[in-house]
Amino acid sequence: MSSKVCIAVHGGAGVLDQNEMDEELKKLYGEGLSLAVQKGHQILLNGGSAIDAVASAVTALEDNPLFNAGRGSVFTFEGKQEMDASLMDGSNFKAGSVAMVRNVRNPIQLARKVMDESPYVLLAGTGAEEFAKSKDLPFEPDSYFFNEKRYKQWQAVKDSGFHRLDDRAPKNLGTVGAVALDQKGNLAAGTSTGGMTNKRYGRIGDSPLIGAGTYADNQHCAVSCTGHGEFFIRVVAAYDVVAGMSYGNLTLKESTDLVVMKKLLEMGGEGGLIAIDRSGNIALPFNAEGMYRGWIDLDGVMHVAIYSNELTMNNEQ
Ligand code: ASP
């Protein structure tokens, strides 16, 4: 058993333009990422499991209205919040996910229940909500999810029709996720999102799809994605990183770069991912202007960053 642990989180690749980001807001994003990554890290230091650390970090990000997941979820075409989430335990290939759930306070906790207490992997819509009620998970009224900034973002694109697959619409994106390595060498990944602003017709992205938005395999790595979901689904992005390492003998960096900087980029799929391998290497590639991200490495050093032109915003223990 090694005492070395590490964890990474993301708050989505749909970052604000640098000229819209003032110092105060940047500080708030940094605090949100730090809090989430530290919560997960504490669990790992105490000998807790990677899956518990991931669920805890994602829950903290879902509770923060700055991020597009849980409380900060974007508006659908009908002016509602419909949330998707998934998580996977790389030690046993167990996974749970939910799609199109409304008013559930923490979709990642519901995905965890699906994994632990149901014979299923993916539950959707009213059935998933019924399952949440049967497990006594907390629900919140619409007012809890209402957010002025998200409302204005929705109003601005409400009448714009479909997003074309080649549209680059980073402001309509956002997601949160976490990946972790625990003291026993187990890997886990989790992802949660409100999806894309103005989505309709029951649109579901990559985030709740095991293999596309989330994957974990102790032998290789744990991955959580963020970006234009339709592309991530078609590339089977999270699993493709594992496949590159497994069949192609690539390193974590080579495999994540191949998926994000080549395959997705060539298709026009904007976004990024966070990944940790079994040795504790961390990769956080993105092909967008930025990706909200935070990580605590094997030496216990915390880093937080947003844009591509900065390595870290702070460097605290
Ligand atoms: N991947 C998410 C989706 O397509 C959105 C995002 O990560 O920004 O629903």
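Keep in mind the model is a prediction, meaning the values are calculated, not measured.

Cut-off values and rules
- Residues numbered from 1 in each chain as written.
- Predicted model: local features only at pLDDT ≥ 70, side-chain atom pairs only at ≥ 80, totals over all residues.
- Heavy atoms only, no water.
- Helix = DSSP H or I, 4+ residues; strand = E, 2+ residues; numbered from the N terminus.
- Buried < 20%, exposed > 50% of the residue type's maximum accessible area, 1.4 Å probe, protein only.
- Pairing = 2+ DSSP bridges.
- Contact = heavy atoms within 4.5 Å.
- Axes fitted to C-alpha atoms, helices over the stretch in contact; angles between N-to-C directions.
- Near = heavy atom within 4 Å.
- Polar contact = N/O pair within 3.5 Å; in protein donor to acceptor, adjacent residues only side chain to side chain.
- Areas by Shrake-Rupley, 256 points an atom, 1.4 Å probe, with all protein chains shown as cover.
- Phe/Tyr/Trp six-rings, centres within 6.5 Å; stacked < 30°, edge-to-face > 60°.
- Lys NZ or Arg CZ within 6 Å of the ring centre and 35° of its normal.

So, unusual backbone geometry
Even without glycine at this site, phenylalanine 93 takes up a positive phi of about 65 degrees. Its place among the elements puts phenylalanine 93 in the loop between β2 (83-89) and β3 (94-101). Owing to a relative accessible area of 46%, phenylalanine 93 belongs among the partly exposed residues under this scheme. Phi at asparagine 249 is positive, roughly 55 degrees, even though this residue is not glycine. Note on placement: asparagine 249 falls in the loop between α8 (237-248) and α9 (252-267).

Overview of the sheet that holds strand β10 (residues 282-283)
Pairing is antiparallel across the open sheet formed by 4 strands, whose spatial order is β7-β8-β9-β10. Each edge of the open sheet carries a strand with a single partner, namely β7 (214-216) and β10. Judged from the 3 bridges that link them, β7 and strand β8 (residues 221-227) form a sheet pairing that is antiparallel. For tyrosine 215, the partnering residue across the bridge sits in β8 and is valine 223. Along the sheet, α8 contacts β7, β8 and β9 (271-277); its crossing angle with β8, the most-contacted strand, is approximately 145 degrees. α9 rests against β8, β9 and β10 of the sheet, and its axis sits at about 165 degrees to β9.

Re the site of the ligand
Close contacts around the ligand come from 11 residues, with Gly174, Thr175, Arg203, Asp206 and Gly227 the closest. Here an oxygen atom of the ligand and a side-chain polar atom of threonine 175 are 2.6 Å apart. Between a nitrogen atom of the ligand and a main-chain N or O atom of glycine 227, the distance comes to 2.7 Å. In the complex, the protein chains occlude 100% of the 260 Å² of accessible area that the ligand would expose alone.

Quick notes on the packing of aromatic side chains
Taken as a whole, this structure holds 10 aromatic pairs when the rule is applied. For the ring pair tyrosine 151 and tryptophan 154, a centre distance of 5.6 Å and an interplane angle of 65 degrees mean the geometry is edge-to-face. You can see tyrosine 151 and its partner tryptophan 154 sitting in helix α6 (residues 148-157), 3 residues apart, about one turn around the helix. A residue is classified by how much of its surface remains accessible, and tyrosine 151, at 30% relative accessible area, is partly exposed. Where tyrosine 215 meets tyrosine 239, the ring centres are 5.0 Å apart and the plane angle is 75 degrees; that geometry is what we call edge-to-face. Linking tyrosine 215 in strand β7 with tyrosine 239 in helix α8, this pair joins segments that are 24 residues apart in sequence. For tyrosine 215, a relative accessible area of 14% puts it in the buried group. The partly exposed category is assigned to tyrosine 239, whose relative accessible area is 28%. One aromatic cluster is present, built from ring pairs that chain together Phe75, Phe146, Tyr151 and Trp154. When the ring centre of phenylalanine 139 is taken as reference, the NZ or CZ atom of lysine 133 above it lies at 5.2 Å.

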